[in-house]
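Observations on the three-dimensional arrangement
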Amino acid sequence: MKNQAYRMAMLFDFYGDVLTDRQKEFYDLYYNEDLSLGEIAENYNITRQGVRDVIVRAEAILTDLEDKTGLIKRFHTMTEQLRQVRDDAQRLADLSARRDDEEMEVLSLRIRDAADTLLKE
């Protein structure tokens, strides 16, 4: 359940601007404010099924956009690569403090390659 909530929040953060105002409102109330379908329906004087239809449609739009663009997937990939760059940079700094050696060259090349990969994405 927690993974689903995280996924829905990520979808909304990346693609929420394409939704209608009503879809944004209901989606936000349901996923971010944790209101039930019944509570939203009561607040907007519509049926619970009407609220559900709006949210399901919004989910479909957001999921379709991610399937087509893969922005969230690329975001996670880049985050992992940035962590690797950070770790390698720390290791390189530690090695440089000690002395110049072949391992430092290899780490430098790995950092460069990771940066090139990020620039291409």
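A few points on the structure. Fair warning: this is a prediction, and the values are worked out from it, not measured in the lab. (Residues numbered from 1 in each chain as written. Predicted model: local features only at pLDDT ≥ 70, side-chain atom pairs only at ≥ 80, totals over all residues. Heavy atoms only, no water.)

**Some words on the packing of aromatic side chains**
For the record, the criterion: Pairs were defined over the aromatic rings of Phe, Tyr and Trp, the Trp ring being its six-membered one, requiring ring centres within 6.5 Å. Orientation was assigned from the angle between planes: stacked under 30 degrees, edge-to-face over 60, tilted for the rest. Type-normalised accessible area, obtained with a 1.4 Å probe on protein chains alone, sets the label of each residue: buried when under 20%, exposed when over 50%, and partly exposed for intermediate values.
The final tally for this structure, using the stated rule, is 6 aromatic pairs. Between Phe14 and Tyr15, the aromatic rings sit 6.2 Å apart at their centres with planes inclined by 45°, giving tilted as the arrangement. In this structure Phe14 comes out as partly exposed when scored by relative accessible area, which is 32%. Pairwise contacts between aromatic rings join Phe12, Tyr27, Tyr30 and Tyr31 into one cluster.

**Digging into the pattern of salt bridges**
Defined as follows: Within this document, salt bridges are pairs made up of a side-chain nitrogen of Lys or Arg and a carboxyl oxygen of Asp or Glu, the two lying within 4 Å of each other. Under the DSSP-based scheme used, a helix requires at least four consecutive residues in state H or I and a strand at least two consecutive residues in state E, with every element numbered from the N terminus.
What the rule picks out here adds up to 5 salt bridges. For Arg83, the salt bridge identified is with Glu80, shortest N-O distance 2.5 Å. Of the two residues, Arg83 and Glu80 are both situated in helix H5 (residues 71–98); the distance of 3 residues between them amounts to about one turn of the helix. Relative accessible area serves as the criterion here: at 39%, Arg83 is assigned to the partly exposed category. The closest approach of N and O atoms between Arg110 and Asp88, which form a salt bridge, is 3.3 Å. Of the two residues, Arg110 sits in helix H6 (residues 102–120) while Asp88 sits in helix H5, which places them 22 residues apart along the sequence. Overall, Arg110 belongs to the partly exposed group, its relative accessible area being 41%. Among the residues examined, Asp88 registers a relative accessible area of 6% and is labelled buried.

**Details of the nonpolar core**
To keep things clear, this is the line we draw: The set of buried Ala, Val, Leu, Ile, Met, Phe, Trp, Tyr and Cys residues whose side-chain atoms join them within 4.5 Å is what this entry labels a nonpolar core. Whether two residues are in contact is decided by their heavy atoms: any pair within 4.5 Å suffices.
Met8, Met10, Leu11, Phe12, Tyr15, Leu19, Tyr27, Ala58, Ile61, Leu62 and Ile72 form the largest nonpolar core, which has 11 residues in total. Put simply, the parts of the chain that give this core at least two residues each are helix H1 (2–15) and helix H4 (48–69). Among the elements that line this core, the one with the most residues is H1, at 5 residues. Filtering out sequence-adjacent residues up to four positions away, Met8 remains in contact with Tyr27, Tyr31 and Glu59. Ranked by size, the runner-up nonpolar core spans 9 residues in total, among them Phe26, Leu29, Ile40 and Ala41.

**Brief notes about the packing of helix H3 (residues 37–44) against H4**
To keep things clear, this is the line we draw: Angles here are taken between N-to-C directions and fall from 0 to 180 degrees, while the axes themselves are lines fitted to C-alpha atoms, restricted in helices to the stretch in contact. Orientation categories follow fixed angle ranges, with anything under 35 degrees roughly parallel, anything over 145 roughly antiparallel, 65 to 115 roughly perpendicular, and all other angles oblique. Any residue outside Ala, Val, Leu, Ile, Met, Phe, Trp, Tyr, Cys, Pro, Asp, Glu, Lys and Arg is labelled polar, Gly included; the first ten of those are nonpolar and the last four are charged.
It is the contact of H3 with H4, at a shortest axis distance of 8 Å, that shows an interaxial angle of 110°. Of the possible angle classes, the one that applies to H3 and H4 is roughly perpendicular. Between H3 and H4, the contacting residues are Leu37, Gly38, Ile40 and Ala41 on the first element and Arg48, Val51, Arg52 and Ile55 on the second. Taken together, the residues of the contact of H3 with H4 sort by class into 5 nonpolar, 1 polar and 2 charged.

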